[in-house]
Amino acid sequence: MTRIASISVDLDSLPHYCRIHGLPESLLDARARSLVHQVAVPRFRELWDALGVPGTFFAIGEDLESDPVAAGMRAAHEAGIEVASHSHAHDYALTRRGPDAILADLRRADDAILQATGARPVGFRAPGYTLNADLYAATQALGYQYGSSAFPAAPYYAAKAAVMGALALVGRPSRSVLDTPRVLLAPRAPYRPDPANPYRRGTGSVLELPMAVTPALRFPFIGTFATTLPLRSLRGAWRACRRDPFFNFELHGVDVLDATDGIPGELVRQQRDLRVGAARKLERLREIFGWLRSECDVVTLRDAARRLSASV
Ligand SMILES: [Zn+2]
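Note on numbering: residues in each chain are counted from 1, in written sequence order. Selection of residues for local features in this predicted model requires a pLDDT of at least 70, selection of side-chain atom pairs for listing and counting requires 80 or more, and totals for whole chains, interfaces and linings are taken over all residues.

### Brief notes about the overall build of the protein
Link 1 in the chain: For helices the rule is a DSSP run of H or I covering at least 4 residues; for strands it is a run of E covering at least 2, with both sets numbered from the N terminus onward. Helix and strand counts for the protein stand at 12 helices and 10 strands.
Link 2 in the chain: Both definitions apply: the radius of gyration is a C-alpha atom measure, and the globule rule equals 2.2 Å times residues to the power 0.38. For 312 residues, the compact-globule estimate of 2.2 N^0.38 gives 20 Å, and the C-alpha radius of gyration of the protein, at 18 Å, lies within 12% of that figure.
Link 3 in the chain: The dimensions of the protein, computed from C-alpha atoms along their principal axes, are 45 × 45 × 40 Å.
Link 4 in the chain: Buried, partly exposed and exposed are defined by the number of other C-beta atoms within 10 Å of a residue's own C-beta, namely 20 or more, between the two limits, and 12 or fewer respectively, with C-beta atoms placed from the backbone. Expressed as a percentage of its 312 residues, the buried residues of the protein come to 48%.
Link 5 in the chain: In this description, any two residues whose backbone-derived C-beta atoms lie within 7 Å of each other are considered to be in contact. Sequence separation of 24 or more characterises 74% of the internal contacts of the protein that already satisfy a separation of 6 or more.

Right, dumping it as structure tokens:
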């Protein structure tokens with residue numbers, strides 16, 4: 001059976017990074033605010049086009065209130081790229097807001113994406129990758145086909161990620177940063193969650209597609225590492241996953257940006273991967289996306305969920 005791989009990009013815009021690092025959003029001029037959508041999105045689209053593979057963008061609903069951003073997402077959708085939901089406000093504490101507020105946030109994001117692209121999203125990724133029963137219930141209520149929020153990485157690498165400035169795991173106010181350790185025992189392979197404890201297997205209707213971590217060591221194969229670690233390490237991690245029928249490669253818009261794109265120095269100092277040149281990062285991603293394409297069928301997460309749902 002051919003292996004499946006998906007490439008997805010969380011479109012967290014720079015104001016969200018300011019919030020992570022406790023910097024004032026007033027640091028950002030209009031250009032910096034729109035960098036992820038105006039510069040990173042076209043760069044990812046070029047990468048995918050050059051390789052002839054599709055991708056998935058996880059868009060934040062409130063960002064779509066700007067006309068150019070909405071137009072960019074519509075163009076991506078029309079080109080066969082999936083636009084999925086990354087919530088409306090990207091609230092890192094979303095899981096603690098209670099069922100009604102959570103459902104309202106997700107519904108707003110759906111409406112914003114529908115209005116921008118003409119299609120309702122069928123997939124969801126939680127802000128900060130944090131899932132709980134209330135949030136999972138909302139994804140079921142909205143009838144999503146899949147969620148892709150579980151990031152079952154080992155604590156050692158979480159610590160290492162902190163040192164390296166990996167956005168995914170660090171710098172949020174400490175009360176939000178610590179997800180339940182149960183996530184570390186979450187399955188690595190696609191699974192149907194237990195609605196009461198979505199990091200465990202059960203019979204939930206929304207398929208969970210965890211982000212790629214290697215077997216045993218649970219080293220996270222994510223954009224921040226892919227663009228900053230030695231190629232040899234990446235190749236080793238990729239080979240370690242060779243028996244996995246599905247490979248879910250998660251990145252962020254900033255993974256193809258650098259300081260010269262117009263990101264304020266204060267933010268670059270906090271976010272070390274922004275010091276690596278965008279050209280180098282793009283070159284690296286071209287190579288890694290090439291590995292995926294040569295060994296897997298590269299599809300959107302929506303298509304991966306469709307194919308996997310029969311067997312999971
Ligand atoms: Zn995010």
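### Section: the packing of helix α4 (residues 99–117) against helix α5 (residues 133–141)
Two numbers describe a pair of packed helices, the interaxial angle and the distance between the axes.
Link 1 in the chain: Angles run from 0 to 180 degrees between N-to-C directions of axes, and those axes are lines fitted to C-alpha atoms, restricted for helices to the stretch in contact. Close contact between α4 and α5 brings their axes to 9 Å; oriented N to C, the two are set at 45°. The pairing of α4 with α5 is recorded here as oblique in orientation. You can see that α4 and α5 cross each other, and the crossing is right-handed. Facing α4, whose interface residues are Pro-99, Ile-102, Leu-103 and Leu-106, α5 presents Asp-134, Leu-135, Ala-137, Ala-138 and Ala-141.
Link 2 in the chain: We call Asp, Glu, Lys and Arg charged. Ala, Val, Leu, Ile, Met, Phe, Trp, Tyr, Cys and Pro are nonpolar, and the rest, Gly among them, are polar. Across the contact of α4 with α5, the residue classes tally to 8 nonpolar, no polar and 1 charged. Any angle from 65 to 115 degrees is called roughly perpendicular, while one under 35 is roughly parallel, one over 145 is roughly antiparallel, and all others are oblique. In this scheme the crossing of two helices becomes right-handed for a clockwise turn of the near helix relative to the far one and left-handed for an anticlockwise turn of less than a right angle.

### A few points about helix α11 (residues 278–295)
Link 1 in the chain: Expected helix span is taken as 1.5 Å per residue step, with the number of steps being one fewer than the number of residues. Look at α11: 26 Å from first C-alpha to last across 18 residues, which is about the 26 Å you get at 1.5 Å a residue.
Link 2 in the chain: Along α11, the residues classified as buried are Ala-278, Lys-281, Arg-284, Leu-285, Ile-288, Phe-289 and Leu-292. All buried residues of α11 lie within an arc of 130° about the axis, which places them on one face of the element. Facing away from the buried side of α11 by more than 90 degrees, the exposed set consists of Ala-279, Arg-280, Glu-283 and Ser-294. The arc refers to the directions leading from the helix axis to the C-beta atoms.

### Some points on the pairing of strand β2 (residues 56–59)
Link 1 in the chain: In β2, alternate side chains face the same way, and those of Thr-56 and Phe-58 on one face and Phe-57 and Ala-59 on the other are all buried.
Link 2 in the chain: Note on pairing: DSSP must find at least two bridges between two strands before they are called paired. Pairing of strand β1 (residues 3–10) with β2 involves 3 bridges; the strand directions are parallel. Bridge pairing in β2 places Asp-10 opposite Phe-58.
Link 3 in the chain: Handedness of the β2-helix α3 (residues 67–78)-strand β3 (residues 82–85) crossover: right-handed. Throughout, right-handed denotes a crossover for which the path from the first strand over the helix to the second runs clockwise when the strands point away from the viewer.

### A few points about unusual backbone geometry
Link 1 in the chain: Despite not being glycine, His-90 has its phi angle at roughly 50°, a positive value.
Link 2 in the chain: Here His-90 lies in the loop between β3 and α4.
Link 3 in the chain: Judged by the 24 C-beta atoms lying within 10 Å of it, His-90 falls in the buried class.
Link 4 in the chain: One non-glycine residue, Arg-218, lies in positive phi territory at about 55°.
Link 5 in the chain: Relative to the elements of secondary structure, Arg-218 occurs in the loop between β8 (207–208) and α8 (223–228).

### Points about the environment of Ala-89
Link 1 in the chain: Along the chain, the position of Ala-89 falls in the loop between β3 and α4.
Link 2 in the chain: Ala-89 gets classed as partly exposed once you count the C-beta atoms within 10 Å, which come to 15.
Link 3 in the chain: Between the C-alpha atom of Ala-89 and that of Asn-248, which follows or precedes it by 159 residues, the distance is 24 Å.
Link 4 in the chain: For Ala-89, the residues in contact, after removing those within four places along its chain, are Glu-62 and Asp-105.

### Quick notes on the pairing of β3
Link 1 in the chain: What you see with β3 is no split at all: Glu-82 and Ala-84 on one side and Val-83 and Ser-85 on the other are buried throughout.
Link 2 in the chain: Note that β2 and β3 share 4 bridges and pair parallel. Within β3, the position partnered with Ala-59 by the bridge is Ser-85.

### Observations concerning the environment of Val-268
Link 1 in the chain: Position of Val-268 relative to the elements: it lies in helix α10 (residues 265–270).
Link 2 in the chain: As for Val-268 and Ala-75, which are separated by 193 residues in sequence, their C-alpha atoms are 30 Å apart.
Link 3 in the chain: Excluding residues within four positions of it along the chain, Val-268 makes contact with Ala-259, Ile-263, Leu-274 and Arg-275.

### Quick notes on the nonpolar core
Link 1 in the chain: The term nonpolar core refers to a set of buried Ala, Val, Leu, Ile, Met, Phe, Trp, Tyr and Cys residues connected through C-beta atoms within 7 Å. Core analysis: the largest hydrophobic core is formed by 81 residues, its most contacted members being Leu-11, Phe-57, Ala-59, Val-83, Phe-221, Phe-249 and Leu-292.
Link 2 in the chain: In terms of residue count, α4 provides more of this core than any other element does, 6 residues in total.

### Brief notes about the packing of helix α2 (residues 30–51) against α3
Link 1 in the chain: Packing of α2 against α3 brings their axes to within 10 Å, and their N-to-C directions diverge by 15°. Considering the angle they form, α2 stands roughly parallel to α3. Where α2 crosses over α3, the two elements pack in a sense that is left-handed. Each of Ser-34, His-37, Gln-38, Val-41 and Arg-45 in α2 lies in contact with α3, whose residues at this interface are Pro-68, Val-69, Gly-72 and Ala-76.
Link 2 in the chain: Its residues assigned to classes, the contact of α2 with α3 shows 4 nonpolar, 4 polar and 1 charged.

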